[in-house]
Amino acid sequence: MDDAWARVEGIESRLLTELFAADPHRLSRLTLEESGIRVDFSKTHLTPETMAAFGALAEAADLAGAREALFSGHEVNVTEGRAAEHTAERGQGAPESVARAQGLQARMRALIDAIEAGAFGDIRHILHIGIGGSALGPDFVIDALGRHSGRFDAAIVSNVDGAALEEAVARFDPHKTLLAIASKTFTTSETMLNARSALAWLSEGGVEDPYGQVVALTASPERAIEFGIDETRILPFPESVGGRYSLWSSIGFPAALALGWSGFEEFLEGAAEMDRHFRYAPVEANAPVLAAFVDRYYANVRGCETRAVFAYDERLRLLAPYLQQLEMESNGKSVKLDGSPVGRATSPITWGGVGTDAQHAVFQLLHQGTHLVPVEFVASVEPGHDLDPEHHRQLLVNCFAQGAALMAGRHSDDPHRNYPGDRPSTTILLDSVEPRTLGALLAFYEHRTFANAVLLGVNPFDQFGVELGKEMAKAMDGDDPLAFDPSSEALMARAFGDAAE
C-alpha cells in the first residue's frame, strides 16, 4: 500500500487546458453515461498516468474484494461487528438479506395501502420526526420529488429546537396528521423529545388516541412497543442498515407516502441500477470509482481540504446537506480499520449551495481566492417547472459557463481582474429529476464514499465521533453533572442561572 500511495502522491500536475490540447479523445474517455446520468470528469486533472496510479492503489487496497464483501453481506463494518446491507434494500445483496428486505417492504406497503384506504382516518399530513440519516434522506427526496404530488403534506422535523416543531405543526390539523417517529435505536434524545412534544400536540388538539396516529420506523421494535406504539404500526429495518444509508429501508416511509408506492419502487430500482454498475463495471468505466479517484487526487496530491457541490436545480437544493452527512460522517476518520493512524487527509469538508444564488455569494473565492476547491455541478436536462423555457436555458447556461470559466480563466494585466484558471470541476447532468435518476444519483454518492474509504483503509459505516458531545450533553443535564472547563461552566451559569449551580 505504501508504494502504491507513493506513486499516487508523486503525480505531477499539468494544466487542464494542456490536457485537452494533448488528447482529442479526452472528453469521451472521461465522460460516463449510466442510469440516466452523465458524469463528465474531463475538467479534472485525471490523466492516463493518474488513472494507472490510482488503479494500482485500488488493486493494492483490494477494492474489488471489499466491494464484493459489501454486496455479499460480509462483516465490512468491523468496528461494530456487522455487515452494511443497505444495497439489499434495493435487491442487491446476500439472497437471505434481500428476501428479508422484500418482506419488510411488503409490510410497509401494506401499511401505506391501509393509510390510503382510510384506516387511520382522513390523513392529509405526515409529520416525520428523526435526526441525521433518519431525517436528511426523507427530507431531500420529498423536497425533490414530492412537491407537486398532491398526495400528502409532509414536514420533516429534526432539530431539538422547539421552534422547528412549532413551525411544522402550525399548518397541520392534528386530526388529519400521521406522526412517524424514526430512530434506529428509539433512544435518540432529540428525536424522543420531539416525539413526546408531538404527541402532546395531538392530545391538546383533541385527538382522543394520539398513539393511534403514530408509526415507528426503527431497528429496535421492542423499544417502540415500550414507548407505547402498537406492534402493527412498527416498521422495522435491520441493524445492518446504517442511519445515513437507511433511506431505502422503512426510514423512507414518508417518501413512499409522498411519491406513492410505484414511485418509491422506481427510486429503489434506480439505485439498484447504480449498484450493478458499481459492482460489475471495470475501474476505468466505473463512475463511483473514478469519482473516488478524483476525490483522492485533490485531497492527497493537491492538498485540497474542501469539496464544493452546487445543484443547478431548485429541486436538488438539499443535496449538499445530505452529502455533508454521508461523506463527512462516513469518512471523517483519522485511523484505519486496524486502529493505526491513516497518516494522510481523509474526507474533505463538503459544502455547497444552489446555482445561480451561489454565483453571487461564494464564487468569488472559487475563481480568484487562494484556496483550490474542486467543484461539482449537478443539473438536469429537463426543467422542474412550466414557465418560459428561457428560465431553464439560462440556468444551464450559467452552470456550464461556470465550469468553463473555472478551467480556462482569463489573463489580465490588471491583477484585480485576472482569473488564474486551472480550477477543476466535475459536471453531473441528469436526464431528469425523477425517482429512478435520483435513486441512481444517491447510490452513486454512496458507492463513491465507500470506494474512498477502501482506498484510505477506514471504516465508512461507524460514527463514534458523534457520541462524545452527546454524552457530555447528558452529563450537563444530569442530576450529578461532571465538572467541566471554566468556559463551559460559565456558559451554563449564564444561560440557566441558579439551575446550573
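Preceding block: the structure.
Residues numbered from 1 in each chain as written. Predicted model: local features only at pLDDT ≥ 70, side-chain atom pairs only at ≥ 80, totals over all residues. Heavy atoms only, no water.

How should the packing of aromatic side chains be read in this particular structure?
Each aromatic ring pair is summarised here by two numbers: the centre-to-centre distance and the angle between the ring planes. A full pass over the atoms with the stated rule returns 17 aromatic pairs. When the ring of Trp261 is compared with that of Phe264, the centres are 5.5 Å apart and the planes differ by 45°; the resulting orientation is tilted. With Trp261 and Phe264 both in helix H12 (residues 261–280), this residue pair falls three residues apart, about one helical turn. When sorted by exposure, Trp261 lands in the same class as Phe264, which is buried. Ring centres of Phe278 and Phe450 lie 6.4 Å apart, and the angle between their planes is 90°; this geometry places the pair in the edge-to-face category. Here Phe450 lies in helix H17 (residues 435–456) and Phe278 lies in helix H12, a separation of 172 residues in the sequence. By relative accessible area, Phe278 is classed as buried at 0%. The class of Phe450 is buried, set by a relative accessible area of 6%. Counting every residue linked through ring pairs, the aromatic cluster contains Phe71, Tyr245, Phe278, Phe450 and Phe461. For the cation-ring pair, Arg26 lies above Phe20, with the distance from its terminal atom to the ring centre recorded as 5.5 Å. (Phe/Tyr/Trp six-rings, centres within 6.5 Å; stacked < 30°, edge-to-face > 60°. Helix = DSSP H or I, 4+ residues; strand = E, 2+ residues; numbered from the N terminus. Buried < 20%, exposed > 50% of the residue type's maximum accessible area, 1.4 Å probe, protein only. Lys NZ or Arg CZ within 6 Å of the ring centre and 35° of its normal.)

Hey, could you run me through the sheet that holds strand E2 (residues 37–40) in this one?
Sheet strands associate in pairs through backbone hydrogen bonding, adopting either a parallel or an antiparallel arrangement. A sheet is described by the order of its strands in space; here six strands give the open sequence E1-E2-E11-E10-E8-E9, paired in mixed fashion. Unpaired on one side and paired on the other, strand E1 (31–34) and strand E9 (349–354) mark the two borders of the sheet. Across the sheet, the mean angle separating the axes of adjacent strands is 15° when strand polarity is ignored. Relative to strand E11 (residues 425–430), E2 runs antiparallel, the two sharing four bridges. When the sheet's bridge partners are listed, Arg38 is paired in E11 with Leu429. Contacts from helix H14 (residues 319–331) reach strand E8 (306–312), E9 and strand E10 (375–380), with the element oriented near 170° to E9. Along the sheet, H17 contacts E2, E8, E10 and E11; its crossing angle with E11, the most-contacted strand, is approximately 150°. (Pairing = 2+ DSSP bridges. Axes fitted to C-alpha atoms, helices over the stretch in contact; angles between N-to-C directions. Contact = heavy atoms within 4.5 Å.)

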